[in-house]
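Descriptive structure summary
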Amino acid sequence: MRKAIFLIISIVIIASFSFSAVTSQTVASSLGMVAAANPYAAEVGAEILEKGGNAIDAAIAVSFALGVVEPYASGLGGEGYAVVTLANGEKFAVDFKSMAPQAATYEKLEELGTSISGVRYTPKGALVPGIPAGIQMMLENGASMSLAELIQPAIDLARNGFTVNETFASVTSDNYEKLLENAPEFLKDMLLWEAGDTFVNEELAKTLELIKENGIDCFYHGQIADAIVDYMEKNDGFITKADMENYVPYLREPVHGTYRGYDVYAPGPPVSGPQLIAILNVLENFNLSAMGPFDPLAIHIIQQTLVLEDVDRRYYISDPDYYDLPVNGFMSKDYARLRAMVIDLNEALDPDSYWDYAGEAAPFEEGKSYEEVLIEKNKETAGVVAEINESPSTSHFSIVDKYGNAVAWTQTLSSFFGTGSYINGFFMNNEIGNFASSYRAWDIINLEPGMRPRTTICPTIIQKDGKVKYVIGTPGGGRIISTITELIVDLIDFGMPVDEAVKMPKFVGYTFYSNLRMEKGMPDNTVKALEALGHEVKLYDYPDLYFGGPNIISVEDSGLMIGMGSIRRNGAASAPEK
Amino acid sequence: MKRILILLLITFFAALGFSNAVTEEATLTFEEPVLITSGGQSPGALQMMVLAKMSGIKYEFIKDVEAATDNVVPFNTLIIVVGASGKGLGAAGIDVDTEIERVVELCKIARGLEKKIIISQIEGATRRGESSDRIADAVVEYADYLLIKDDANEDGKFTTIAKEKEIPIRLFDNTSDVKDILKELFLE
C-alpha cells in the first residue's frame, strides 16, 4: 500500500497510524497533501482526503482540529482568511476576519478611562469571531462532506485527548500568568502542561458537539452565542448578542499578481496579499537568481523592499468597506518600478527616515505608467504610525488534493491565547490591538464599530500555467510577509526544494525594526557585508518561532506533492495512504 | 539471560541507594513565613507560588523582589526558583546579569540575617540552558537545600553540586509533588 507514497524524506513518524495517513515533517505523495502546524491536525486533513473528501473538506476538518490541538493559536474564538483555487480554474477567497462590536469606540474607551492597549488582554479586547462563519461559507462553497463528518475528528481529539508537544508546553508556559488569572481550568490542576502530558478538553468536545448537532448557526444565534454574551456581560466585554447575530463572512476574489511567470493568488484587504504582490513586483526588477541566497546584495535588496512595502501597507491596506484605497495602484508593476528605484544598492536606508519613503500609489490606480508619474513626480511624506506589537501566534495550513484543488488558510487569535477569555473550552481573540492605538485623522485603521482590523496574514497559492505549484503561508506577526517573500524567492529564484526553503535562516524587513533581524546560520561574511552596507544586524537563535512557522506544499510537474511542516513549531505534513 | 537479570537488579538497587542518598536529607525542616521569588523571571516561580498556596504554608510571592534587608526581614525562609526566560526578563526590563546581581544580593542579605535559603528548579529540562545555568550557579552556594525537578538533573549537574558543596538535595518527578514536599518541609 505504501508504494503510493513515492518519497518520505524524513524518517521520523510523528504520530500514530490510527488514521492510516503518513505523517512526518516532510512527506511526498501524489494522493494529496496537508501541511499544518501540528501533526494531529495535519493527519486529520489527510484522513479526510483518504475518505474521498476534497481540499475544502480537509481544510474545514483541519481548521476545527487546530482549534483543539493548538487552542492557544486559533479556534472557534478566532478569525482568518482562506484562499482557494479549484482544478476547474475557479478561484475564490473567504474573508472571516473578526469584526469590531458596536460598543467598541475610542469615545467609549475614553469614557471608561482606558485605551486599546489597556483592554487588549481583557474581554473588551475581543472582536466578534469569524472562524465558524468562515467554515460555514466553505461548507457552502465546494465542500462534499457533511459538517458532522468534518467536525468529528476534532471532537474525538478533544474528548480522547492528545499528547502535548513542546510548542504547546512552551507557549502555555510563556502565558502562565494570563492563564492563571483568566482560565485556570485550562491548566493542569493550576500548573503548567508539560510535553508528553495528555491534554483532554471535554468542554470543547461538548461545544463542538453542539455545533455538530445544531449547525454553525448556534455559534452566532444560539446556545454558544448566549454563552459568549453571558461571559461578556459578566466580565465587561463589548460583544453583544446583536454583534454576534450581525456577523457575516465575505466571499471575495483573491488578489492576483505575477512573479517571473508564476501567478500569485493572495488575500485582499484588510490582510497582506496586496503587500506581498507589491513586494514581488519590486523584486522582479532585480536579477536575484544571479546572486544566490547567501549573497548580501540579494538579502539587502529583499530586506529594503520589505521595509518600503511595509511603509506602503500602512497607507494602502485597511478594511475595504471603510476606506477607498488605491490597492490596484499599489499592486501595479509600474508603481513597483518606481519603488525599486528608491533602493540604494550601496547603502541601507536610515531606519529613522523610513517614513520619508512612503510611496504614492494613487496615480497608478488611474493606470498611469511609471514614466508619466516620474515626469510629474510628486513625492509626499506622511505621518508616523504607532507600532503594533505583533506576536508570533496564528496558525497556517496548506492543502492540495489529488484533483488539483488547493486551499491556503490562516487563522488566529491575534496574541497567543487571545484575550485569555476562556469560554466553553475555547479562547477569544484579542484583535482589537490591530486598530490604531488612538484616533488619528489621517490613519486608515481607526477603530470603528463593524470594522475589521488590518493584519499581516497572507495565505497564498502560486500557480504555473494554470496548475497549483506552491501553497504557502505562515504565522509570525510582523515577520509573516518577510518569511513568505523569502520562501517564494528561495523556491522560484533560487530553485530550492521546499524543505531547504523552509530551513533557510530567515530575516525581516519591517518599518518598526531599526535593525535587520536574522536567524543565525548565514555565512559570517554575508553578515559582515550587510553591516558594511549600513545594516545593524541582530542575530537570533536558529530556528526561532519568532520568524514564523510556514507549512507549505509544492507540486512537481509529475504531480508529486511535497509537504513540509514547520521546523520552528513542531509542524507536520500528512498524506493519505490511498 | 541470568547475568543480564542480575546486572539489572544490581543497577536497580544501586540506583535506589543513590536515590535514598540524595533524598534522605529531606527530614530537614524549615520555618514559615516564606518569601518566594524568581531567579530569571520564568514562570517557575509563579508555579511555586501556586504550590505553596496548595500546600497551605504561609508565603509571600514577589517575583522580582528588590534585594533589600527590609524585604527579607519578615521571612524565615527564602525560596528562589531559578530559570531564565527571555520574555520574563524583557517584561521586567532587565538582563540576565542584572537578575544575577539581584538574586545573589538577596542571598547575601538572607544569609546575613541567618534566614534559610532553598534554591529550586521546578521546570525541568526545558528550562535548562546557558542563562538558567548561570543563575543557578551564582546562587547555589548560598543554598541550605536544593529542590530540583528530576529531568533538570539529567546531566547530574545538581546532584554533583549537592555532593561537592554538601547541600541536601531533593529530586522530584512531577511538579505537583512539590506540594507535599513543601508540607513536609514546613508543616511536619
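These figures come from a predicted structure and were not determined experimentally.

Definitions and cut-offs
- Residues numbered from 1 in each chain as written.
- Chains lettered and ligands numbered in written order.
- Predicted model: local features only at pLDDT ≥ 70, side-chain atom pairs only at ≥ 80, totals over all residues.
- Helix = DSSP H or I, 4+ residues; strand = E, 2+ residues; numbered from the N terminus.
- Buried ≥ 20, exposed ≤ 12 C-beta atoms within 10 Å, placed from the backbone.
- Contact = placed C-beta atoms within 7 Å.
- Pairing = 2+ DSSP bridges.
- Axes fitted to C-alpha atoms, helices over the stretch in contact; angles between N-to-C directions.
- Core = buried A, V, L, I, M, F, W, Y, C linked by C-beta atoms within 7 Å.
- Parallel < 35°, antiparallel > 145°, perpendicular 65-115°, else oblique.
- Left-handed = near helix turned anticlockwise from the far one by under 90°.
- Nonpolar A, V, L, I, M, F, W, Y, C, P; charged D, E, K, R; others polar.
- pLDDT = per-residue confidence, 0-100.
- Right-handed = clockwise from strand over helix to strand, strands pointing away.
- Expected span 1.5 Å × (residues − 1).

This paragraph deals with the overall build of chain B. Helices and strands together make up the secondary structure of chain B, namely 8 helices and 6 strands. Listing the helices and strands of chain B from first to last along the sequence gives α-β-α-β-α-β-α-α-β-α-β-α-β-α. A buried classification covers 42% of the 188 residues belonging to chain B. A separation of at least 24 residues holds for 78% of the contacts in chain B among residues at least 6 apart in sequence.

On to the sheet that holds strand β10 (residues 262–266) of chain A, then. Residue and element names in this part refer to chain A. Read from one edge of the open sheet, 7 strands run β2-β20-β19-β16-β15-β10-β9, paired in antiparallel fashion. Sheet topology places β2 (26–29) and β9 (255–259) at the edges, where each strand pairs with a single neighbour. The average undirected angle you get between the axes of adjacent strands in this sheet is 20°. Looking at chain direction, strand β16 (residues 467–472) and strand β19 (residues 552–555) are connected through 2 bridges and run antiparallel. The partner of V471 across the bridge, within β19, is I553.

The next thing to look at is the sheet that holds strand β8 (residues 250–252) of chain A. Residues and elements named next belong to chain A. Here 8 strands make up an open sheet; going across it, the order is β1-β21-β3-β11-β12-β4-β5-β8 and the pairing antiparallel. Where the open sheet ends on each side, the last strands, each with one partner, are β1 (22–24) and β8. The average angle at which neighbouring strand axes cross in this sheet is 15°, direction not considered. Note that strand β3 (residues 32–36) and strand β11 (residues 395–401) share 4 bridges and pair antiparallel. Bridging from a neighbouring strand, A35 pairs with S398 of β11. Along the sheet, helix α1 (residues 39–50) makes contact with β1, β3, β11 and β21 (572–575), crossing β3 at roughly 160°.

With that settled, the discussion passes to the nonpolar core. All names here are of chain A. Grouped together as the largest cluster of nonpolar side chains are 231 residues, with contacts concentrated most on V34, A59, V62, A65 and A82. In terms of residues, this core owes the most to one element, helix α2 (residues 55–69), which gives 12 residues. Not counting chain neighbours up to four residues away, the residues in contact with A65 comprise Y40, A41, V44, P153, A154 and L157.

Turning next to the packing of helix α2 (residues 44–55) of chain B against helix α8 (residues 177–186) of chain B. All names here are of chain B. The geometry of α2 relative to α8 is characterised by a closest axis approach of 8 Å and an angle of 55° between their N-to-C directions. When the axis of α2 is compared with that of α8, the two are oblique. Where α2 crosses over α8, the two elements pack in a sense that is right-handed. The segment α2 lies against α8, with L51, A52, M54 and S55 engaging V178, K179, L182 and K183. Residues that form the contact of α2 with α8 fall into these classes: 5 nonpolar, 1 polar and 2 charged.

All names here are of chain B. For chain B, the average pLDDT comes to 89, and 86% of its residues sit at 70 or higher. Note on residues 1–26: pLDDT under 50 across the span, and 9 contacts to partners over four residues away in sequence or across chains. At the level of chain-chain contacts, confidence expressed as ipTM amounts to 0.82, with global pTM at 0.91.

So, on to the packing of helix α13 (residues 273–283) of chain A against helix α16 (residues 333–342) of chain A. Residue and element names in this part refer to chain A. With their axes 8 Å apart at the nearest point, α13 and α16 run at an angle of 65° to one another. Judged by the twist between their axes, the crossing of α13 over α16 is right-handed. Two secondary-structure elements touch here, α13 through A278, N281 and V282 and α16 through K333, A336, R339 and A340. Taken together, the residues that form the contact of α13 with α16 break down as 4 nonpolar, 1 polar and 2 charged.

On to the pairing of strand β6 (residues 169–172) of chain B, then. All names here are of chain B. Where strand β5 (residues 145–149) meets β6, 4 bridges bridge the pair, whose relative direction is parallel. From the neighbouring strand, L147 faces β6, where its bridge partner is R170. Running through helix α7 (residues 157–165), the crossover from β5 to the neighbouring parallel element β6 is right-handed.

This next bit is on α1(A). All names here are of chain A. If you check α1, its first and last C-alpha atoms are 16 Å apart, about what 12 residues at 1.5 Å a residue would give, namely 16 Å. Among the 12 residues that make up α1, 11 are buried, leaving the element largely enclosed by the rest of the structure. Those residues of α1 not exposed but buried are P39, Y40, A41, A42, E43, V44, G45, A46, E47, I48 and L49.

With that out of the way, let us pick up unusual backbone geometry. All names here are of chain A. Look at the link from P269 to P270: it is a cis peptide, with omega at 15°. Within the secondary structure, P270 sits in the loop between β10 and α13. Here the bond from Y542 into P543 is cis, since omega is -10°, no more than 30 degrees from zero. Structurally, P543 is set in the loop between β18 (537–540) and β19. In this structure, R260 is a non-glycine residue whose phi angle is positive, near 50°. Tracing the backbone shows R260 in the loop between β9 and β10.

Moving on, we get to the interface of chain A and chain B. Listed by partner, the interface residues are 11 residues for chain A and 8 residues for chain B. Mapped onto the side of chain A that touches chain B, the elements with two or more residues apiece are α7 (166–174) and α8 (176–182) of chain A. Top element by residues in the side of chain A that touches chain B is α7(A). It accounts for 4 residues. Residue classes in the side of chain A that touches chain B are distributed as 6 nonpolar, 2 polar and 3 charged.

On to the pairing of strand β4 (residues 79–85) of chain A. It is a general feature of regular strands that their side chains alternate between the two faces of the sheet. Residues and elements named next belong to chain A. Counting buried positions along β4 gives 7 out of 7 residues, so the element sits mostly inside the fold. Covered by surrounding structure in β4 are E79, Y81, V83 and T85 together with G80, A82 and V84, the residues of both alternating faces. Across 7 bridges, the pairing between β4 and strand β12 (residues 406–412) is antiparallel. Its bridge partner being in β12, G80 is matched across the sheet by Q411. The pairing of β4 with strand β5 (residues 91–96) spans 6 bridges and is antiparallel. Paired with A82 across the two strands is V94, which belongs to β5. Counting the residues that bridge the hairpin from β4 to β5 gives 5 residues, and of these G89 lies at a positive phi of roughly 100°.

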